[in-house]
Amino acid sequence: MHTIKDCGAYIRVDIEGTDSRVIIEGIKAAYALPDYQSRYSLWVFGPESFRVQMGELLEIAQFIRKSYSRTSARTRRAMVIPPGLNAGFARVWSEMVTNLPFDLKIFHELEEAEVWLRN
């Protein structure tokens, strides 16, 4: 399940789920917003969200590459993952999306991510 909220300075997407379909549904919903690709975004993942397989992460990265407009202005994407989550998995994810026109930073604390997006 996902929820999307306009927080003024950024769009917040909360993801709760255990497989790539849930994450891709959230991505599709965010990308359907008319100004999503030109705005900062905050992705908050619940404790179950990163129990996806490496192949599923690759599927998600390929979906984003295919969907992302190459003419978009460079934006910021913050990911908040639960403390104790396999940080290596999140690091692999960030490497998979390095060639896209946004800066990605991974956080364990929501407040730190919000500050980064607002500055």
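I will try to describe carefully the structure that is included in this document. Keep in mind that what you see is a predicted model, and the values were worked out from it rather than measured.

### Focus on the overall build of the chain
Secondary structure assignment for the chain yields four helices and five strands. N-terminal to C-terminal, the α/β element order of the chain is β-β-α-β-α-β-α-β-α. Here the chain, with 119 residues, has 47% of them falling under the buried criterion. Taking as baseline every contact in the chain between residues at least 6 positions apart, the subset at least 24 positions apart corresponds to 79%.

### Observations concerning the pairing of strand β1 (residues 2–6)
As paired strands, β1 and strand β2 (residues 10–15) are joined by five bridges and run antiparallel to one another. By the bridge assignment for β2, His2 is matched with Ile15. Counting the residues in the hairpin turn of β1 and β2 gives three residues, including Gly8, whose phi is positive at 85°.

### Looking at helix α4 (residues 110–118)
The set of residues buried in α4 consists of Ala113, Glu114, Trp116 and Leu117. The buried residues of α4 all sit within an arc of 160° when viewed along its axis, so they share a single face. Contacts made by the buried residues of α4 are with β2, β3 (40–45), β4 (75–80) and β5 (102–107).

### Looking at the side chain of Ser41
Within the fold, Ser41 resides in strand β3. Under the relative-accessibility criterion, Ser41 is labelled buried at 0%. Those residues in contact with Ser41 that lie beyond four places of it in its chain are Tyr10, Ile11, Tyr36, Arg76, Arg77, Ala78 and Leu117.

### Some details on the packing of aromatic side chains
Counted under the stated rule, the structure contains four aromatic pairs. Both rings, one in Tyr31 and one in Tyr36, keep their centres 5.0 Å apart while their planes meet at 35°; by these two values the pair is tilted. The buried category is assigned to Tyr36, whose relative accessible area is 1%. One aromatic cluster is present, formed by Tyr31, Tyr36, Trp43 and Phe45 through successive ring pairs. Its end group placed over the ring of Trp116, Arg76 keeps NZ or CZ at 4.6 Å from the ring centre.

### Overview of the nonpolar core
Core analysis: the largest hydrophobic core is formed by 26 residues, its most contacted members being Ile27, Trp43, Ile64 and Trp93. Looking at this core, the elements that each hand over two or more residues are β2, α1 (20–31), β3, α2 (54–67) and α3 (87–96). At six residues, the largest contribution of residues to this core is made by α1. Sequence-distant contacts of Ile64, defined by excluding residues within four places in its chain, comprise Ile27, Tyr31, Trp93, Leu100 and Phe102.

Quick notes on the rules
- Residues numbered from 1 in each chain as written.
- Predicted model: local features only at pLDDT ≥ 70, side-chain atom pairs only at ≥ 80, totals over all residues.
- Heavy atoms only, no water.
- Helix = DSSP H or I, 4+ residues; strand = E, 2+ residues; numbered from the N terminus.
- Buried < 20%, exposed > 50% of the residue type's maximum accessible area, 1.4 Å probe, protein only.
- Contact = heavy atoms within 4.5 Å.
- Pairing = 2+ DSSP bridges.
- Arc of directions from axis to C-beta.
- Phe/Tyr/Trp six-rings, centres within 6.5 Å; stacked < 30°, edge-to-face > 60°.
- Lys NZ or Arg CZ within 6 Å of the ring centre and 35° of its normal.
- Core = buried A, V, L, I, M, F, W, Y, C linked by side-chain atoms within 4.5 Å.

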